[in-house]
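Each chain, letter by letter, is given below.
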Amino acid sequence: MPYYRVETYTTTGTKASWNLDNSIVPFNASVAITPAASGTASVTLQYTLNPLNGPLETDASANWINSTLTSTITTSISTSFTTPVSRIRVL
């Protein structure tokens, strides 16, 4: 059974990352971003290979990479990861 998660953000700025289970084989993760009903959003989806498992590790400890999902949107957009990544976050 696939995992499913929904988050709603009402403010701008970097959001806390979400962990993904990169041990699942084959690894597949899809991410969809939808702006508010009557607006536009400038979004960047980032990912990292750092699992951040240590008790003192935070998002600032990770090496973040911009995904291909980086744009100003007025409608929903999505992307997929088929190679394992540990965490994702939205800017």
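Check the entry above for the structure.
Small disclaimer: the values here were computed from a predicted structure and weren't measured.

Quick word on the overall build of the protein
Part 1 of the reasoning: If you tally the helices and strands in the protein, you get 0 helices and 6 strands.
Part 2 of the reasoning: Reading the secondary structure of the protein in the N-to-C direction produces β-β-β-β-β-β.
Part 3 of the reasoning: Computed over its C-alpha atoms, the radius of gyration of the protein comes to 14 Å, within 12% of the 12 Å expected for a compact globule of 91 residues.
Part 4 of the reasoning: In terms of overall dimensions, the protein has C-alpha extents of about 40 × 30 × 20 Å along its principal axes.
Part 5 of the reasoning: Counting every position in the protein, which comprises 91 residues, the buried fraction comes to 31%.
Part 6 of the reasoning: Partitioning the intrachain contacts of the protein with sequence separation of at least 6 by distance along the chain shows that 72% fall at a separation of at least 24.
Part 7 of the reasoning: As presented, the protein carries roughly 6,400 Å² of accessible surface, and 54% of it is formed by carbon and sulfur atoms.
Part 8 of the reasoning: Once the 4 positive and 4 negative side-chain charges of the protein are each reduced to a mean point, those two points are 7 Å apart.

Re the sheet that holds strand 1 (residues 18–19)
Part 1 of the reasoning: Ordered in space as 1-6-3-4, the 4 strands form an open sheet in which the pairing is antiparallel. Among the strands making up the open sheet, the edge pair consists of strand 1 and strand 4 (65–73).
Part 2 of the reasoning: Here strand 1 pairs with strand 6 (residues 87–90) via 2 bridges, running antiparallel. Within strand 6, the residue paired with Trp 18 across the bridge is Ile 88.

Cut-offs applied
Residue numbers run consecutively from 1 along every chain, following the written order of its sequence. In keeping with the predicted nature of the model, local features appear solely for residues at pLDDT of at least 70, side-chain atom pairs appear and are counted solely at 80 or more, and the whole-chain, interface and lining totals rest on all residues. Excluded from the side-chain calculation are hydrogens and water; included are all heavy atoms of the structure. Every helix listed is a DSSP run of H or I at least four residues long, and every strand listed is a run of E at least two residues long, numbered separately from the N terminus. Within these notes, the globule rule equals 2.2 Å times the number of residues to the 0.38 power, and the radius of gyration is based on C-alpha atoms. Burial here depends on accessible area, computed with a 1.4 Å probe over protein chains only, as a share of the maximum for the residue type. Under 20% is buried, over 50% is exposed, and the range in between is partly exposed. The contact criterion used is simple: two residues touch if any of their non-hydrogen atoms lie within 4.5 Å. Residue-level accessible areas treat just the shown protein chains as cover; the underlying method is Shrake-Rupley with a 1.4 Å probe. We treat Lys and Arg as the positive residues and Asp and Glu as the negative residues; His and chain ends play no part in the count. By convention, charge coordinates are those of NZ in Lys, CZ in Arg, CG in Asp, or CD in Glu. For two strands to pair, DSSP has to find at least two bridges joining them.

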